[in-house]
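Close look at the chain arrangement
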Amino acid sequence: MHQVHHYDFPIDFCDEVAQVSLFLGAVSVVIFGIGRRHGEFLLGVISLILSLAMESQSPHSLSRRQNTLGQIPQSMEAALSRFKLDGQTTTYAVCPTCNCTYKPKADLNSSHAQYPTNCSNKPIPENSPCNELLLQRSADGQSVPIKTFIYHHFHNYLAGLLSRPDLEALMDRPCDDLLASVGSPPPHIIKDVWDANFFRTFKGPDGQSLFIDRGDEGRYAFTLNVDFFNIEGNLQRNASTSTGIISCACLNLPLD
């Protein structure tokens, strides 16, 4: 599991003034929930204030002013990328008719992902291929999938958790608590999934209790959730647009 890139943050290469400015913009969008266009407006105002403040200083600060302001991007997408908040993803093309997925292929002669033009899936083995069109032209003239499925890499997600020593210690605690509770009766009131008898008795490949004695390994449990909802928020029984999410959560993390 490769974790090296989880320790390399572009924000570390910005000076302190730019770091604080980008932090304010990121917090406003990610935590406070303002729109990205509003976040870009906030970054623009911060850049203007910094420019006016630096202009009032000694003329010798001109190069520093240009360097600092150059580190504050105009778009929120570029600002958020400094913090590497988004995990690694792969965008699959999805057939609009049969929902068959197609992984992109790299093309050394192009910076864009390459997909087949038509669906070759046979929903029924004895029938002919689906042959539905998979691609359409984007505004910039590129061939892009009509329908997509974005896969977030599980190993990258787990590596991101384990790259933080504080989170790794929290994730190991449930197994250590189970080991410490051996010989004691299970709690009468279940307040957490780790209180259930299932984790005490679940067997690993060696036939032993998987989560009781982890040794020097990390033993992690995950829950897989699948849900579909109408993105238009219309509860009436008429035409709707359904969107599905397949999500995974680590049960070793504390509830809070």
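First, a word on what this report is: a plain description of the structure on this page.

Here is what the cut-offs are and how they apply
- Residues numbered from 1 in each chain as written.
- Predicted model: local features only at pLDDT ≥ 70, side-chain atom pairs only at ≥ 80, totals over all residues.
- Heavy atoms only, no water.
- Salt bridge = Lys/Arg side-chain N within 4 Å of Asp/Glu carboxyl O.
- Helix = DSSP H or I, 4+ residues; strand = E, 2+ residues; numbered from the N terminus.
- Buried < 20%, exposed > 50% of the residue type's maximum accessible area, 1.4 Å probe, protein only.
- Disulfide = S-S within 2.5 Å.
- Pairing = 2+ DSSP bridges.
- Core = buried A, V, L, I, M, F, W, Y, C linked by side-chain atoms within 4.5 Å.
- Contact = heavy atoms within 4.5 Å.
- Axes fitted to C-alpha atoms, helices over the stretch in contact; angles between N-to-C directions.
- Parallel < 35°, antiparallel > 145°, perpendicular 65-115°, else oblique.
- Left-handed = near helix turned anticlockwise from the far one by under 90°.
- Nonpolar A, V, L, I, M, F, W, Y, C, P; charged D, E, K, R; others polar.
- Phe/Tyr/Trp six-rings, centres within 6.5 Å; stacked < 30°, edge-to-face > 60°.

Here the focus is the pattern of salt bridges. A side chain with one charge can pair with a side chain of the opposite charge if their charged atoms come near. Tallying each qualifying case throughout the model produces four salt bridges. A salt bridge links Arg-214 to Asp-172, with the shortest nitrogen-to-oxygen separation between them at 3.8 Å. On the criterion of sequence distance, the pair formed by Arg-214 in the loop between helix H7 (197-201) and strand S6 (222-230) and Asp-172 in helix H6 (residues 165-180) is long-range, its members being 42 residues apart. Each member of the pair, Arg-214 together with Asp-172, is buried. Among the ionic pairs, Asp-176 bridges to Arg-214, the shortest N-O distance being 2.9 Å. Of this pair, Asp-176 sits in helix H6 while Arg-214 sits in the loop between H7 and S6, placing them 38 residues apart in sequence. When its relative accessible area of 34% is taken as the criterion, Asp-176 is described as partly exposed.

Once that is clear, we can look at the state of the cysteines. Using the criterion set out here, one finds zero disulfides in the structure. Looking at Cys-98, it has no disulfide partner, and the nearest cysteine sulfur is the one in Cys-95, 3.6 Å off.

Here we come to the sheet that holds strand S5 (residues 148-152). The strand order across the open sheet formed by three strands is S2-S1-S5, and the pairing between neighbours is antiparallel. Only two strands of the sheet have a single neighbouring strand rather than two, namely strand S2 (101-102) and S5. Of the pairings in the sheet, the one linking strand S1 (residues 89-94) to S2 comprises two bridges and is antiparallel in character. Its bridge partner lying in S2, Ala-93 is registered against Tyr-102.

Membership of the largest hydrophobic core comes to 14 residues, with the highest contact counts inside it found for Leu-22 and Met-76. Sorting the residues of this core by element identifies helix H1 (16-30), helix H2 (36-55) and helix H4 (76-81) as the ones contributing at least two each. Looking at this core, the element that brings in the most residues is H1, giving four residues. What Met-76 contacts, discounting residues up to four positions off in sequence, is Gly-25, Ala-26, Val-29, Arg-36, Gly-39, Glu-40 and Leu-43.

For any two helices packed against each other, the geometry comes down to the angle between their axes and how far apart the axes lie. At their nearest, the axes of H1 and H2 sit 9 Å apart, and the two run at 155° to each other. Relative to H2, H1 is oriented roughly antiparallel. As for the relative orientation of H1 and H2, their crossing is right-handed in sense. From H1, Val-17, Ser-21, Leu-22, Leu-24, Gly-25, Ser-28 and Val-29 reach across to H2, where they touch Arg-36, Gly-39, Leu-42, Leu-43, Ile-46 and Leu-50. Among the residues making up the contact of H1 with H2, the classes are represented as eight nonpolar, four polar and one charged.

This part takes up unusual backbone geometry. The phi dihedral of Asn-99 falls on the positive side, at around 65°, and the residue is not glycine. When you line up the elements, Asn-99 lands in the loop between S1 and S2. Judged by its relative accessible area of 43%, Asn-99 is partly exposed.

Attention now moves to the packing of aromatic side chains. This model, assessed by the stated rule, comprises nine aromatic pairs. Ring centres 5.2 Å apart and planes at 70° place the aromatic pair Phe-199 and Phe-211 in the edge-to-face group. With a gap of 12 residues between them, Phe-199 in helix H7 and Phe-211 in the loop between H7 and S6 connect regions that are remote in the sequence. Of the residues examined, Phe-199 reaches a relative accessible area of 6% and is grouped as buried. Note on Phe-211: relative accessible area 5%, which makes it buried.

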